[in-house]
Amino acid sequence: MPERGDPGGRRIRMGAPSRRSRTLLLTLAILVVIVVAWVLFANFWTDWLWYKSVGYGNVFTTKLWTRIGLFLVFGLLMAVAVGANVYVAYRLRPAFRGMSLEQQSLDRYRSAITPFRTWLLIGLSVIIGIIAGTSASGQWKTWLQFVNGVSFGVKDEQFHKDVSFYAFDLPFYRFLINFAFVAVVVGLVLAVITHYLYGGLRVQSPGSRATPAAQAHLSLLLGLFVLFKAVAYWLDRYSLAVSSGDFKQASQFTGLRYTDAHAVLPAKTILFIVALICAVLFFVNVFRRTWALPIIGFGLMVLSAVLIGGLYPAIVERFQVKPNQQAKEAKYIERNIQATRDAYGIDKVESEKYDGNVEAKPELKDQAANTASIRLLDPNIVSPTFNQMQQLRQYYGFQTTLDVDRYMIDGKMQDTVIALRELNPKGGQTHNWVNDHTKYTHGYGVVAAEGTRVDREGKPVYIEGNIRTDAQEAETPSPLGPYQPRIYFGESTTEYSIVGAPKNTTPTEVDYPTDTASGQATYTYNGKGGVPIGGTFNKLLYATKFQEGNILLSDTINADSRILYNRTPKERVEAVAPWLTIDGDPYPAVIDGKVQWIVDAYTTSNGYPYATRTTLGDATADSLNADDRARGAVGNTGNVNYIRNSVKATVDSYDGSVRLYQWDEQDPVLKTWMKAFPNTVKKKNTIPPTLMEHLRYPQDLFKVQRDLLTRYHVTDPRTFFNGSDFWKVPKDPTGRTPGSGDQPPYYLSMKMPSATPGGAPDAQQSFQLTSTFVPKERQNLAAFMAVNSEPGSPGYGRIRLLALPPNTAILGPDQMQNQFKSNAEVAGVINILQRGDSVVVYGNLLSLPVGGGMLYVEPVYVQANAPGSYPVLQKVLVSYGGSIAFENTLDAALTKVFSGAPTTTVPPTDTGTPPGTGTPTTPPAQNQTVKQALDEANQALKDADAALKAGDFAKYGEAQKRLQAAVDRAIAAEQAAKTPPATTPPAGGTPPATGTPPASGAPPASGTPKP
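Please read all numbers here as calculations on a predicted model, not as lab measurements. Along each chain, the written sequence defines residue order, and numbers are assigned to residues from 1. Residues qualify for local features only when their pLDDT is at least 70, as the model is predicted, and side-chain atom pairs are given and counted only at 80 or more; totals for whole chains, interfaces and linings, by contrast, use all residues. Side-chain calculation: all heavy atoms of the structure are included, whereas hydrogens and water are not.

Moving on to the pattern of salt bridges. Note on definitions: salt bridges are taken to be side-chain nitrogens of Lys or Arg within 4 Å of carboxyl oxygens of Asp or Glu. Here the structure, examined in full by the defined rule, presents 20 salt bridges. With a shortest N-O distance of 3.8 Å, Lys 545 and Asp 47 are connected by a salt bridge. Pair noted here: Lys 545 is in helix 15 (residues 536-545) and Asp 47 is in helix 1 (residues 19-54), with a separation of 498 residues, a long-range link. The buried label goes to any residue with under 20% of its type's maximum accessible area, the exposed label to any with over 50%, and the partly exposed label to all in between, with areas taken from a 1.4 Å probe on protein chains only. Asp 47 gets classed as partly exposed once you look at its relative accessible area, which sits at 31%. Between Asp 511 and Arg 486 there is a salt bridge; the shortest N-O distance is 2.9 Å. Pair noted here: Asp 511 is in strand 13 (residues 509-513) and Arg 486 is in strand 11 (residues 486-487), with a separation of 25 residues, a long-range link. Take Asp 511: its relative accessible area is 1%, and that puts it in the buried class. Linked by salt bridges that have partners in common, Arg 174, Asp 236 and Lys 268 make up one network. In this description a helix means any DSSP run of H or I spanning at least four residues, a strand means any run of E spanning at least two, and both kinds are numbered starting from the N terminus.

Here's what the structure looks like:
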């Protein structure tokens, strides 16, 4: 009968590809290989071009050759181990295998393999070698630290080995032993398969199950496995010093505990000896060829691991440690405390007693005004204000959170809120490839405002703002000094740009808006940043890298064109120093005629014995980045237990040049990396003085240290064990992220109180980074923390901890915010401010030690609930010694709090009262004057919203003035209605209904209000 589909009855082989099909498939396979190879080459070569362009080619080559070396060495070792074991197993095959059913069934497999035996062995060895080599090449950091490691000069308490052994040596030894385990196990598995396939091992055949040759081979491999296990047991002894476990389910305790030192450590030593004996038995079996002794030895090792390694430590923990844990663990807790404080740079922090509970007195007013440059402009809130007032065009924009720095303005050091007018890639400009990558290429200019003062309408007082052309700069120099305003590298510039053109050609890049017919000036980039892309080969490379054919085809790319990419400060520093951990908050500064990004960088390790590990992403999270860990520098770093701010880096915003400066000259981790990558980090003494003026203590390091100090301010082991004096960072009281997010730390210039009780405070202000603590289970204030952030001063980096008496009820930030909101007078004013479509926005709640007490200051903003609106400062809340003032200006609020006149008094609060439980007082009934003023305020709000939507800022400002005047009249009428004339607040209290400007800011150091 003919086969199906064959009318002539001819037999047809189904599925056999024709010669033409085979040729086509082979061609496609070759093309795929070529394309993949080209893509890999394009990415590799463009990386090399980028590193050359920034002057860090040695970083690229050092990393490349290290990875290649590790790949070749360990890939070759693995390939040889696998190939040798398979080859030896084949060579040791028996000459006669018998004619059992088992062997007959294996014959067909042997027959199928025989023609390809050599190629199969080579291919298998190469594939496994490539996998092993690729894995080993990822250990380039471990290898470089191992061969370049520098001594810490500190030895651990248990084994008396230098910390460098745990940080640099032990990780590499662990890698070696793990590699050896894998090599032996893979070789053993393939050897067993080969012996079985060729008759050296038998499962079903009668008689001996293994030939003598197979027994010898497998005994040798098993002996090596057990020998490596013995080495692993020995290394486990040292790993106890850096291992972590839960301690009292409250913190991660790193290092040996009592059970580890008295049970686990001896057990590891015994297991090491047992494993050595077992390995010897396996090696002896190579010659004796009997499995009895090796099996007994291996069983003894397994039993010892269960009884000695597991059961014995559990018995010691249960019957010796648990009944008297505090006494047993005291010595080891003390080691943990000391090592943790050393590893995180908090070893010199000492808690100073601070009273904190002082009555407000008139003589303290000047001290409060001069203690700090109290920042009213909150950089976390005013970004919309900067955008509306200084954006100027839709293709510009500012970061959501602005930065704080200080500049010498008119002979005085001024805290400033600063931002760059960066290119907004999502702006309203027409989006196409030409515009996005060749026309809109850069931002323009610095915008800086005084941190301590606002204008009559509550808006920022700009030190530097608007677009300043080169001609205007020459005529009226910037208060920050002359500088190159074009921003080609910034936090928002995540796309590549192609810039540059021959001289005397018409510029095509959009520069800044003008009042000319075109509406904008144009510019041609003439910096040294970027990679030349004029040649066809480079065009093809980058067209492949960015998967964009326009790069290859565009006529706008010329012989002088350069491509800019990797443009954010963080990714540029990460690329040139891949061994550093980068802070999450780069900040700009005008230095020597350039806008420089300053980037703090850290060296970290997780090998500091006894030091507690912490997850940097969690430790640095607060209300500003709780939902965006990408902003936190260290979110993907994992667990570490050693950190130093070892490097200060700069990135030029015009040409993208990166410079790394050594900051911590004692850090052994940095010294190790400087040996591995010579000439990449400049010495500290080469830092220009103009750059030194703008350096500061890094925010992420401060937050990590703050997190550790919630527990490790306690230095007594017994108190630490009890956990009775642990603190926590208060939640952000401003409601920025309800229910989550710690209060962020704040930069400001201030005078710290004397370390000696009763002594005078610092003679002059210094730049500080500050935070507060509350008890772990309560909300009252526990301590104030500040670190000197003035880099040129001898006290830079000094952390001071002002601990308040535990038996007093000083309000914490959350409680103080609750008191503000529940106060009758404040609540009445807030209700007025947020009538209509306006919302009240609370600014940074600053806590300041003044005159033995705690001064709280919080700016209050009002923002219309409409597109394009922005917050405007309207009121200032101040509290001291149990009294609250809520005034238009900081000076008026300070005067009222310290005047000695009747003020709103905060009732005593129990230290255990949860936040938000206060009962708001109902505002007093409104009289006719109040009602009329509120109606006028509502109308002013509507007019302001309408003006804002129409873009008429003149009418918006006029409406804001009417709003303020109406609010003042309402407040004055309410207070007059309930306050007897004899007790009317004196001058300096509530302003009359004359439209007195809101929040004109803090007085200067002399105590005289600024205009």
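Okay, back to it.
Right, let's get into the nonpolar core. Ranked by size, the top nonpolar core spans 145 residues in total, and within it Ile 551, Leu 660 and Phe 773 carry the most contacts. Here the element with the most residues in this core is helix 6 (residues 163-197); it accounts for 13 residues. Residues count as neighbours in contact if any of their non-hydrogen atoms are within 4.5 Å of one another. Once residues within four sequence positions are removed from consideration, Ile 551 is found in contact with Trp 433, Tyr 496, Ile 498, Ile 533, Lys 539, Tyr 542, Ala 543, Phe 546 and Ile 557. We define the nonpolar core as a collection of buried residues of types Ala, Val, Leu, Ile, Met, Phe, Trp, Tyr and Cys that are connected through side-chain atoms lying within 4.5 Å of one another. Listed in part, the 70 residues of the second largest apolar core include Ala 369, Leu 402, Ala 786 and Leu 846.

This part is about unusual backbone geometry. Positive phi, normally seen in glycine, also occurs at His 160, with a value near 60°. If you trace the backbone, His 160 turns up in the loop between helix 5 (140-148) and helix 6.

As a packed pair, helix 5 and helix 6 sit with axes 8 Å apart at the nearest point and diverge in direction by 125°. In this view, helix 5 runs oblique relative to helix 6, as classed from their interaxial angle. Seen from above, helix 5 lies across helix 6 with left-handed handedness. Each of Thr 142, Trp 143, Gln 145 and Phe 146 in helix 5 lies in contact with helix 6, whose residues at this interface are Ala 167, Phe 168, Asp 169, Pro 171, Phe 172 and Tyr 173. Convention adopted: a line fitted to C-alpha atoms gives each axis, helices being fitted over their contacting stretch, and angles between N-to-C directions are expressed from 0 to 180 degrees. For classification purposes, angles smaller than 35 degrees are called roughly parallel, those larger than 145 roughly antiparallel, those between 65 and 115 roughly perpendicular, and all remaining angles oblique. Crossings are assigned a handedness: left-handed for a near helix turned anticlockwise from the far helix by less than a right angle, right-handed for a clockwise turn.

Quick look at the sheet that holds strand 10 (residues 460-464) now. By definition, two strands form a pair when at least two bridges between them are found by DSSP. The four strands lie next to each other as 5-6-9-10, forming an open sheet whose pairing is antiparallel. The sheet is open, and its two edges are formed by strand 5 (403-409) and strand 10, each paired on a single side. Neighbour-to-neighbour, the strand axes of the sheet open up by a mean angle of 45°, direction not taken into account. As defined by bridge partners, strand 5 adjoins strand 6 (residues 412-420) across seven bridges and the pair is classed as antiparallel.

As a per-residue measure, pLDDT tells how confident the predictor is, with possible values from 0 to 100. Mean pLDDT over the chain stands at 85; residues scoring 70 or higher make up 85%. Counting interchain partners and residues more than four positions distant, the pLDDT-below-50 stretch residues 9-13 has five contacts.

Think of a sheet as strands paired side by side through backbone hydrogen bonds, with each pair either parallel or antiparallel. Reading across from one edge, 12-16-15 is the order of the three strands in this open sheet, with antiparallel pairing throughout. Strand pairing shows two members of the sheet lacking a second neighbour, strand 12 (497-499) and strand 15 (531-532), which therefore form its edges. Summarising the sheet, strand 12 and strand 16 (residues 562-564) pair through three bridges and their orientation is antiparallel. Within strand 16, the position partnered with Ile 498 by the bridge is Ile 563.

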